Amino acid sequence: TAKDALTVKQAVQPAVPVRVWQSTLQQIDGPLSIPAAPPADALPGAGGVQAGLQRTLGTSLPGLRRWFEVYPFSCLEQRSSRAITLRDEPRWQQITAEVDAYLDADGLASYFPLRAEDGSRGSDRLTAYLLAAAHERGWTWPDAARERMLQGLAAFVEGRLERRARAPRPDLDVRKLAALEALARHGRVQPRMLGSLDMAGIGQWPTAALLDWWSILRRVETLPDRATKLEQVQNLLRARLVQGGTTLKFSTEESDFWWWLMDSPDGNAARLLLAAVQTPAWKDDVPRLVAGHLARQQRGAWLTTTANLWSALALERFSAAFENQPVAGRTQFTLGATTRAVDWPASGDPPVQALPWPATAAPFTAQHQGSGKPWLTMQTLAAVPLKAPLAAGYRIQRSMMAVERKVAEAWSRGDIVRVRLEIEAIGDMTWVAVQDPLPA
């Protein structure tokens, strides 16, 4: 009948996870100092600063190269996109030698070779894309063919020729903007050409049209009130960026997939990056745009040939502007009394460094000694007991109202309750699953 007994007492603290509260992505170009401190209610002894280093933000894209190498289709757009993206000059020479067979009597290009009886079957949108893509790469179409294409686009913009096709929504202004963007790259835009555009509806334009308009304004200095219009279009584009998560998204993505004009959210993200790299006012946004655009990939590439072409060109231009030296040497971090020094390996990136919170507030500093300008991802982590719901771009509020109760001011089995959910999102969330169990 003898037995032993053991009593154990354990203090269980509230389950407060360590969360990322702030994060920034910056290039280390000289001494860098960032104010850093835990939130006011953070639990002591938890969290700190994590610092990760990268040589490049991802301009080496083997998945994209393979995507084009095995791409099976062969219309003029697809062949041109493949040659330009892969820098395949022999393939490009073959395309340019055959391009006359794709141009109709008005100088507009068709997706497939034309016969004499086909008449005016060329596409203004395809023609604009071919001219813009080659220009961005720095390649040229044969002089005679390029002149025919430019004259065809000018006639289309001025209303001297029409191209009608079945489309899900009115698209004439959007097509004219694409044509004007291609003409602007070759110095062929006159202010009078914009007279037929509905500028009052600019806020309703698809994102691709806003990007074309921005490109036109950057290239045509003679447009009236140009500075004001440049500020307006950039503000409209910034307002459409979804400021949440790690993927570059637009609040208008649901309505931006104009497939019949070869426009897509992936292509828009690439073209936004391409414009931002060339605009000093967007310099601080460029790293986040690059990382966010890379996060849009699926299996190493983007959705369409045109999106992949613009992505490759944008990332090449970014790398040339921001990553033109190989990274080597040592990078040092300091937070309070803690210092971490990282020697760069011959290949790959160094491991992530963790620095605990100091006893008193102190800035986080980083300095690179050696060649190149590495990229720093700095995150502040802390355990903070929540006193109110935490929302990050998606807010849900629930309220309950009694419809029928057996006992006033108390819930009983069989009561009927109306539950109201108020959901607010800062951007298009597409598919969302809401789990909302009722209290037992």
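In this text, all values refer to a predicted model and were calculated from it rather than measured experimentally.

1. Here we look at the layout of surface pockets
Piece 1. Of the volumes computed, that of the second largest pocket is approximately 490 Å³.
Piece 2. Along the wall of the second largest pocket there are 23 residues; nearest its centre are Tyr111, Arg121, Gly122, Ser123 and Ala165.

2. A short note on empty space enclosed by the protein
Piece 1. Within this structure, the stated rule accounts for one cavity of 30 Å³ or more.
Piece 2. What the largest cavity holds in volume is close to 260 Å³.
Piece 3. Surrounding the largest cavity, 26 residues form its lining, Glu181, Arg185, Asp212, Arg271 and Trp310 being those nearest its centre.
Piece 4. Going through the elements one at a time, α4 (124-137), α6 (172-185), α7 (207-219), α9 (265-277) and α11 (305-322) are the ones with two or more residues in the lining of the largest cavity.
Piece 5. Considering each element in turn, the lining of the largest cavity owes the most residues, six residues, to α7.
Piece 6. The class makeup of the residues in the lining of the largest cavity is 11 nonpolar, six polar and nine charged.

3. Quick look at helix α5 (residues 143-157)
Piece 1. Helix length check: α5 (15 residues) gives 21 Å between terminal C-alpha atoms against 21 Å at 1.5 Å per residue, within 8%.
Piece 2. Among all positions in α5, only Ala145, Met149, Leu150, Gly152, Leu153, Ala154, Ala155, Phe156 and Val157 are buried.
Piece 3. Among the residues trailing α5, glycine 159 stands out with phi positive, at a value near 85°.

4. Considerations on the side chain of glutamine 353
Piece 1. One can find glutamine 353 in strand β6 (residues 353-355).
Piece 2. At 3.2 Å, the side chain of glutamine 353 and the backbone oxygen of proline 351 are in polar contact.
Piece 3. Apart from residues lying up to four places away in sequence, glutamine 353 is in contact with Val49, Gln50, Ala51, Phe333, Arg340 and Val342.

5. Remarks on α6
Piece 1. For α6, spanning 14 residues, the distance from its first C-alpha to its last is 20 Å, which sits close to the expected 20 Å at 1.5 Å a residue.
Piece 2. Among the 14 residues in α6, 12 count as buried, and that is most of the element.
Piece 3. Residues of α6 that are buried include every one of Val174, Arg175, Lys176, Leu177, Ala178, Ala179, Leu180, Glu181, Ala182, Leu183, Ala184 and Arg185, and no others.
Piece 4. Residues of α6 that are buried sit in contact with α4, α5, α7 and α11.
Piece 5. Count one or two residues on from α6 and you reach glycine 187, which has phi positive near 70°.

6. Topic: the pairing of strand β3 (residues 48-54)
Residues in a regular strand point their side chains to alternate faces of the sheet.
Piece 1. Among the seven residues in β3, five count as buried, and that is most of the element.
Piece 2. Note: β3 against β6, three bridges, orientation antiparallel. Opposite valine 49, over in β6, you have leucine 355 as the bridge partner.

7. Focus on the environment of serine 399
Piece 1. Turning to its location among the elements, serine 399 is positioned in strand β9 (residues 394-404).
Piece 2. Taking relative accessible area as the criterion, serine 399 reaches 31% and is therefore assigned partly exposed.
Piece 3. Expressed as a C-alpha distance, the spacing of serine 399 and alanine 97, which sit 302 residues apart in the sequence, is 69 Å.

8. Description of the packing of α9 against α11
Piece 1. In the contact formed by α9 and α11, the axes pass within 8 Å of each other and the chain directions differ by 25°. It follows from the interaxial angle that α9 and α11 lie roughly parallel. Regarding α9 and α11, the two cross each other, and that crossing is left-handed. Residues Asp266, Gly267, Ala270, Arg271, Leu273, Leu274 and Val277 of α9 lie in contact with α11, whose contacting residues are Ala307, Trp310, Ser311, Leu313, Ala314, Leu315, Arg317, Phe318, Ala321 and Phe322.
Piece 2. Split into classes, the residues belonging to the contact of α9 with α11 amount to 12 nonpolar, two polar and three charged.

9. Let's talk about unusual backbone geometry
Piece 1. Positive phi outside glycine occurs at methionine 262, with the angle close to 65°.
Piece 2. You can see methionine 262 is positioned in the loop between α8 (226-240) and α9.
Piece 3. Classification of methionine 262 by relative accessible area gives buried; the value is 16%.
Piece 4. Positive phi values are uncommon outside glycine, yet glutamate 409 reaches one of about 65°.
Piece 5. Locating glutamate 409 in the fold gives a position in the loop between β9 and β10 (416-425).
Piece 6. For glutamate 409, a relative accessible area of 74% translates into the label exposed.

10. A look at the packing of aromatic side chains
Piece 1. For the coordinates displayed, the defined rule picks out 14 aromatic pairs.
Piece 2. Between phenylalanine 318 and phenylalanine 322 the ring centres are 5.1 Å apart and the planes differ by 25°, which places this aromatic pair in the stacked class. In this pair, phenylalanine 318 and phenylalanine 322 are both assigned in helix α11, four residues apart and thus about one turn of the helix distant. Across this residue pair, the class does not change: phenylalanine 318 and phenylalanine 322 are buried.
Piece 3. Following the ring pairs from residue to residue traces out a cluster consisting of Trp67, Phe68, Tyr71 and Phe73.
Piece 4. The ring of tryptophan 310 carries arginine 271 above its face, with NZ or CZ at 5.9 Å from the centroid.

11. Digging into the sheet that holds β3
Piece 1. Read from one edge to the other, the open sheet built from four strands follows the order β1-β8-β3-β6, with strand pairing classed as antiparallel. Among the strands making up the open sheet, the edge pair consists of β1 (18-27) and β6. Direction aside, the axes of adjacent strands within the sheet are offset by 20° on average.

About the thresholds
Residues numbered from 1 in each chain as written. Predicted model: local features only at pLDDT ≥ 70, side-chain atom pairs only at ≥ 80, totals over all residues. Heavy atoms only, no water. 1 Å grid on protein atoms, 1.4 Å probe; cavity = no way out; pocket = protein on both sides within 12 Å on 5 of 7 lines; lining within 4 Å. Points joined across faces, edges and corners; volume = space filled by probe spheres on them. Helix = DSSP H or I, 4+ residues; strand = E, 2+ residues; numbered from the N terminus. Nonpolar A, V, L, I, M, F, W, Y, C, P; charged D, E, K, R; others polar. Expected span 1.5 Å × (residues − 1). Buried < 20%, exposed > 50% of the residue type's maximum accessible area, 1.4 Å probe, protein only. Polar contact = N/O pair within 3.5 Å; in protein donor to acceptor, adjacent residues only side chain to side chain. Contact = heavy atoms within 4.5 Å. Pairing = 2+ DSSP bridges. Axes fitted to C-alpha atoms, helices over the stretch in contact; angles between N-to-C directions. Parallel < 35°, antiparallel > 145°, perpendicular 65-115°, else oblique. Left-handed = near helix turned anticlockwise from the far one by under 90°. Phe/Tyr/Trp six-rings, centres within 6.5 Å; stacked < 30°, edge-to-face > 60°. Lys NZ or Arg CZ within 6 Å of the ring centre and 35° of its normal.

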